[in-house]
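Reading the structure
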Amino acid sequence: MKGVARLFAVAGVVLAGGYPSNAAPLDTMTEVGDAIQACWTPPTDAGNATVTLSFSFKRDGTLIGPPRPTAIKVDGDANAKKAFVDAATTALQKCLPLSFSPKLAQGVAGNVFTMQFASPKQ
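A brief look at the structure comes next.

About the thresholds
- Throughout, residues of each chain are indexed from 1 in the direction in which the sequence is written.
- Predicted model: local features are reported for residues with pLDDT of at least 70 only, side-chain atom pairs are reported and counted for 80 or more only, and whole-chain, interface and lining totals are derived from all residues.
- Processing note: side-chain calculations cover all non-hydrogen atoms of the structure and skip hydrogens and water entirely.
- The numbering of helices and of strands both runs from the N terminus, where a helix is a DSSP run of H or I of at least 4 residues and a strand a run of E of at least 2.
- For this analysis, a polar contact is any N or O atom pair within 3.5 Å, provided that within protein one partner can donate a hydrogen and the other can accept it, and provided that sequence-adjacent residues contribute only side-chain to side-chain pairs.
- Our working definition of a disulfide is a cysteine sulfur pair at a distance within 2.5 Å.
- Only protein chains enter the accessibility calculation, which uses a 1.4 Å probe; a residue is then buried when its area is under 20% of its type maximum, exposed when over 50%, and partly exposed in between.
- The criterion used for residue contact is that any of the two residues' heavy atoms lie within 4.5 Å.
- Each nonpolar core is a collection of buried residues, namely Ala, Val, Leu, Ile, Met, Phe, Trp, Tyr and Cys, held together in the definition by side-chain atoms within 4.5 Å.
- Salt bridge, as applied in this entry: a Lys or Arg side-chain nitrogen positioned within 4 Å of an Asp or Glu carboxyl oxygen.
- Two strands form a pair only when DSSP identifies at least two bridges running between them.

1. Brief notes about the side chain of S56
Along the polypeptide, S56 turns up in strand β1 (residues 50-56). There is a polar contact of 3.1 Å between the side chain of S56 and the backbone oxygen of N111.

2. Remarks on the state of the cysteines
Any covalent bond linking the sulfur atoms of two cysteines counts as a disulfide. According to the stated counting rule, one finds one disulfide in the structure shown. Residue pairing for C39: its cysteine sulfur links by disulfide to C95, the two sulfurs lying 1.7 Å apart. Between C39 and C95, the disulfide has an S-S torsion of 120° and is therefore right-handed. Residue C39 is located in the loop between α1 (29-37) and β1, and its partner C95 is located in the loop between α2 (78-94) and α3 (102-108); the two are separated by 56 residues in the primary sequence. This pair shows no difference in class: C39 is buried, exactly as C95 is.

3. As for α1
Within the sequence span of α1, burial applies to M29, V32, G33, A35, I36 and Q37. Buried-residue contacts for α1 involve β1, α2, α3 and β3 (112-118).

4. Looking at the nonpolar core
Counting residues in each nonpolar core, the largest one holds 31 residues, and the members touching the most others are V32, I36, F55, F57, L98, F100 and F117. When contributions to this core are tallied by element, the ones reaching two or more residues are α1, β1, α2, α3 and β3. For this core, the element with the most residues is α2, which contributes six residues.

5. Concerning the pattern of salt bridges
This structure, assessed with the given rule, holds one salt bridge. A salt bridge links D86 to K82; the nearest nitrogen and oxygen atoms lie 2.6 Å apart. In this pair, D86 and K82 are both assigned in helix α2, four residues apart and thus about one turn of the helix distant.

6. A short note on the pairing of β1
Burial of β1 is extensive: seven of the seven residues sit out of reach of the surface. On β1, burial covers both faces: T50, T52, S54 and S56 on one face and V51, L53 and F55 on the other are all buried. In this sheet, strand β2 (residues 68-73) lies alongside β1 in antiparallel orientation, the contact comprising five bridges. Note on β2: the bridge partner recorded for T52 is A71. As paired elements, β1 and β3 share seven bridges and run antiparallel to each other. Of the residues in β3, the one forming a bridge with T52 is Q116.

Shown next as structure tokens:
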């Protein structure tokens, strides 16, 4: 499944709640991004901030190691930046494990993905 995009960025529409463990397996990276964004709750005082996280999945829908921030745009001091990055990391962790379809699981395993978390909720 080498044709699956290695890079995706999702910012914008955010749903309430987490990824339900009994949901149907995810078939596309768009569905993966939507599921993760459903868990995202930015800090209330974040202004117009973004953070991009880099991470890799195992076939079972968990992460290979912790996510890493690769781009941070947050106004404020180091504490504000840390709070925003922590909120994005928590959103990702809150959704795990994701349930991948067998075909998607083979394609995503070990690949590096990036995802942008933006505030305010839109």
